[in-house]
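# Notes for the structure review
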Amino acid sequence: MTKAESETSSVASDLIDFLNSSPTAFHAVDEAKRRLREAGFVHISEREDWKLHTGGKYFFTRNHSTIVAFAIGKKYVAGNGFCVVGAHTDSPCLKLKPISKVTKGGYCEVGVQTYGGGLWHTWFDRDLTVAGRLIIKEKDDAYRHMLVKVGGPILRVPTLAIHLDRSVSDGFKVNTENHLVPVLATVVKRNKLLVQSSILSLYCFLCLFSNAITWLMFIASQAEVNKLPAENVSLENDTECDGKHGDEKKSVANKKHHPVLLQLLAAQAGCEPGEICDFELQLCDTQPSAIGGAAKEFVFSGRLDNLCMSFCSLKALMDATSSEDSLNNETGVRMVALFDHEEVGSNSAQGAGSPAMLDALGRITNCFSSSDSKLIEKAIQKSFLVSADMAHALHPNYMSKHEDNHQPKLHGGLVIKHNANQRYATNAATAFLFREIAERHNIPVQDFVVRNDMGCGSTIGPILASGVGIRTVDVGAPQLSMHSIREMCGVDDVLHSYEHFKAFFQEFFSLDARLSVDF
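Predicted model, so just to flag it, every value in this text is computed and none were measured.

## Re the pattern of salt bridges
Under the defined criterion, the tally for this structure stands at 21 salt bridges. For the salt bridge of aspartate 285 with arginine 126, the shortest nitrogen-to-oxygen distance reads 2.5 Å. With a gap of 159 residues between them, aspartate 285 in strand S10 (residues 276-285) and arginine 126 in the loop between strand S6 (107-115) and strand S7 (128-137) connect regions that are remote in the sequence. The exposure class assigned to aspartate 285 is buried, which follows from its relative accessible area of 10%. One salt bridge connects aspartate 319 with lysine 315, and the closest N-O pair in it is separated by 3.4 Å. Separated by four residues within a single helix, aspartate 319 and lysine 315 lie in helix H6 (residues 304-320), roughly one turn from each other. Take aspartate 319: its relative accessible area is 26%, and that puts it in the partly exposed class.

Quick look at the structure:
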């Protein structure tokens, strides 16, 4: 294996680890936090005052589904620019409904709602589980959120046999409300599980009760010996916390969700089902991400859109700031912003449509000077955003879907996305800057424009470009099967993306100083 092949394999393998640790946006942010801490980044909170210093590396989260990390150059002064790579943590999926308990035809099913524009037919006949976050009540009457993923397949959306619907040969049409309901258990087996669970609980209670009686008799005997009034001895009832009020809460939860599902979640979280106050859960595939193909050249995984770009940008930032002298001559701020809710429009408190990025730019600037209120406006005009979201590679079986002169290929490097109607925020100046960095490092780069007779998707690029006023280029690594439960991309493009983003962080400001546009 050559040095280049070894490096490609190393970065791709690291991506696989990141993907397998990130079944949801919450888990992706948690994994990002872990990696950033190991790289020396300090966790700060938006709820507190920031005390930043040049050469420092920091990150904060919003809703634990959006994360912003940044490193401040040692020559930074307030009013200098930011070089930013932005991506998103969410992917199309099936999320549990607020009342998920569905029972029909002798089956226990879980009600779900579609999130984003998924290829929903790919979710049929897959081994599925649930993951997300729980809101748990603790013993001291406090509440906290806990990430959870139930191990092993517990759910499945079965297709209808062709013998019962011959029309499926003319096209598989999914009614997402009626057909896309995963099976959790049969009622018969569910009841047996609940009975077994009740017997186990009763046994534990009897054991506890038996021990309590023995202890009470011992205390009473000692009181008699010491002539102490035994009636003053009190025994705290360990089952009191599960009294009438607790039973009512548990009953309400059981009416909203299948008790067997709550038991699985509680077992995973190490708590009691009655301590689960609420949750945000989604279905996810149990098949791990993997490197495949005859030449081991592909990444097979869910959520490549857009965890692949999230990973590459995050790794690039960490490695571009890893050495002691990496920020010595830096005059600006290097930043990665990974947002939630891109797949549904970004209009949330933690989406790209929120003030999250503008707040971060403003607070960093103000930490170094609070006297000039116009410094943030100056800083934004010196700044640059790479909006990184996966791109459509040429499909060998549907080649007519691409315009002849714009056919991105796997292993061909990052794709610069163009759209005259501003569905992408790229223009000539921003495309030049990003392409020039690639050429200086001999990194391949490609171009894409959608056919005139087809609709064009969009990204966080136009949202941030118009909301913040920051120069933006839209790019992404090429992939196939976008929005399927199982997507694919090329391992070489993982390395190309990482190297391109790393070079961007290291060289943008020196290159930008040589480009004159508004003069």
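## Digging into the sheet that holds strand S18 (residues 471-476)
If you trace the nine strands from one edge of the open sheet to the other, you get S1-S2-S3-S13-S4-S14-S18-S16-S17, paired in mixed fashion. For this open sheet the edge positions go to strand S1 (42-43) and strand S17 (445-449), each flanked by a neighbour on one side alone. The pairing of strand S16 (residues 414-418) with S18 spans two bridges and is antiparallel. Directly across from valine 415, in S18, lies its bridge partner glycine 476. Each of strand S4 (82-88), strand S13 (333-339), strand S14 (384-388) and S18 touches helix H10 (residues 460-468); the most contacted strand, S18, lies at about 175° to it.

## Focus on the environment of aspartate 90
Note that aspartate 90 resides in the loop between S4 and strand S5 (93-104). Spatially, the C-alpha atom of aspartate 90 lies 8.9 Å from that of phenylalanine 26, the residues being 64 residues apart in sequence. With residues up to four places along the chain from it excluded, the contact list for aspartate 90 reads Ala25, Tyr115, Asp305, Asn306, Phe339, Asp340, His341, Glu342 and Glu343. A polar side-chain atom of aspartate 90 sits 3.3 Å from the main-chain amide nitrogen of histidine 341.

## Remarks on the packing of helix H1 (residues 3-20) against helix H11 (residues 491-512)
As a packed pair, H1 and H11 sit with axes 8 Å apart at the nearest point and diverge in direction by 90°. As judged from the angle between their axes, H1 and H11 are roughly perpendicular. Every residue of H11 that contacts H1 at Ala4, Glu7, Thr8, Val11, Ala12 and Leu15 is listed here: Val491, Asp492, Val494, Leu495, Tyr498 and Glu499.

## Remarks on the side chain of glutamate 31
Mapped onto the elements, glutamate 31 comes out in helix H2 (residues 25-38). Since its relative accessible area comes to 9%, glutamate 31 is described here as buried. A distance of 2.6 Å separates polar atoms of two side chains, one belonging to glutamate 31 and the other to arginine 34. Here arginine 35 takes part through its side chain, which lies 2.9 Å from a polar atom of the side chain of glutamate 31. The residues contacting glutamate 31, other than those within four sequence positions of it, are Phe18, Ser21 and Ser22.

## Section: the packing of H1 against H2
In contact at an axis separation of 9 Å, H1 and H2 are set at 130° when each is read in the N-to-C sense. On the basis of their axis angle, the class for H1 and H2 is oblique. In contact with Asp14, Asp17 and Phe18 of H1, H2 contributes Ala28, Glu31, Ala32 and Arg35. Across the contact of H1 with H2, the residue classes break down as three nonpolar, no polar and four charged.

## Digging into the packing of aromatic side chains
Applying the stated rule across the entire model yields 14 aromatic pairs. Taking 5.9 Å as the distance between ring centres and 50° as the angle between the ring planes, the aromatic pair formed by phenylalanine 384 and phenylalanine 504 counts as tilted. Within this pair, whereas phenylalanine 384 is found in strand S14, its partner phenylalanine 504 is found in helix H11, the two being separated by 120 residues in sequence. By relative accessible area, phenylalanine 504 is classed as buried at 1%. The ring of tyrosine 115 is capped by lysine 95, whose NZ or CZ atom sits 4.2 Å from the centre of that ring. The ring of tyrosine 498 carries lysine 315 above its face, with NZ or CZ at 5.3 Å from the centroid.

## Here's the deal with the environment of asparagine 191
By the secondary structure assignment, asparagine 191 is in helix H3 (residues 187-225). Residue classification places asparagine 191 among the partly exposed positions, given a relative accessible area of 36%. Separated by 69 residues in sequence, asparagine 191 and valine 260 have C-alpha atoms that sit 9.1 Å apart. A distance of 2.8 Å separates the side chain of asparagine 191 from the side chain of arginine 190, its partner in a polar contact.

## Regarding the side chain of threonine 426
Structurally, the position occupied by threonine 426 is in the loop between S16 and helix H9 (428-440). Separated by 2.6 Å, the side chain of threonine 426 and the backbone oxygen of lysine 417 make a polar contact. At 2.9 Å, the side chain of threonine 426 and the backbone nitrogen of aspartate 474 are in polar contact. Leaving out residues up to four positions away in the same chain, threonine 426 has contacts with Ile416, Lys417, His418, Ala431, Thr472, Val473 and Asp474.

## A look at the sheet that holds strand S15 (residues 391-392)
The sheet built from five strands is open, its strands ordered S11-S12-S20-S19-S15 with mixed pairing. Here the strands that pair on one side only, and so sit at the sheet edges, are strand S11 (290-292) and S15. Inspection of the sheet shows S15 paired to strand S19 (residues 478-480) by two bridges, in the parallel sense. Bridge pairing in S19 places alanine 391 opposite proline 478.

Reading the values: rules and limits
- Residues numbered from 1 in each chain as written.
- Predicted model: local features only at pLDDT ≥ 70, side-chain atom pairs only at ≥ 80, totals over all residues.
- Heavy atoms only, no water.
- Salt bridge = Lys/Arg side-chain N within 4 Å of Asp/Glu carboxyl O.
- Helix = DSSP H or I, 4+ residues; strand = E, 2+ residues; numbered from the N terminus.
- Buried < 20%, exposed > 50% of the residue type's maximum accessible area, 1.4 Å probe, protein only.
- Pairing = 2+ DSSP bridges.
- Contact = heavy atoms within 4.5 Å.
- Axes fitted to C-alpha atoms, helices over the stretch in contact; angles between N-to-C directions.
- Polar contact = N/O pair within 3.5 Å; in protein donor to acceptor, adjacent residues only side chain to side chain.
- Parallel < 35°, antiparallel > 145°, perpendicular 65-115°, else oblique.
- Nonpolar A, V, L, I, M, F, W, Y, C, P; charged D, E, K, R; others polar.
- Phe/Tyr/Trp six-rings, centres within 6.5 Å; stacked < 30°, edge-to-face > 60°.
- Lys NZ or Arg CZ within 6 Å of the ring centre and 35° of its normal.

Read these as spatial facts, not as claims about activity.
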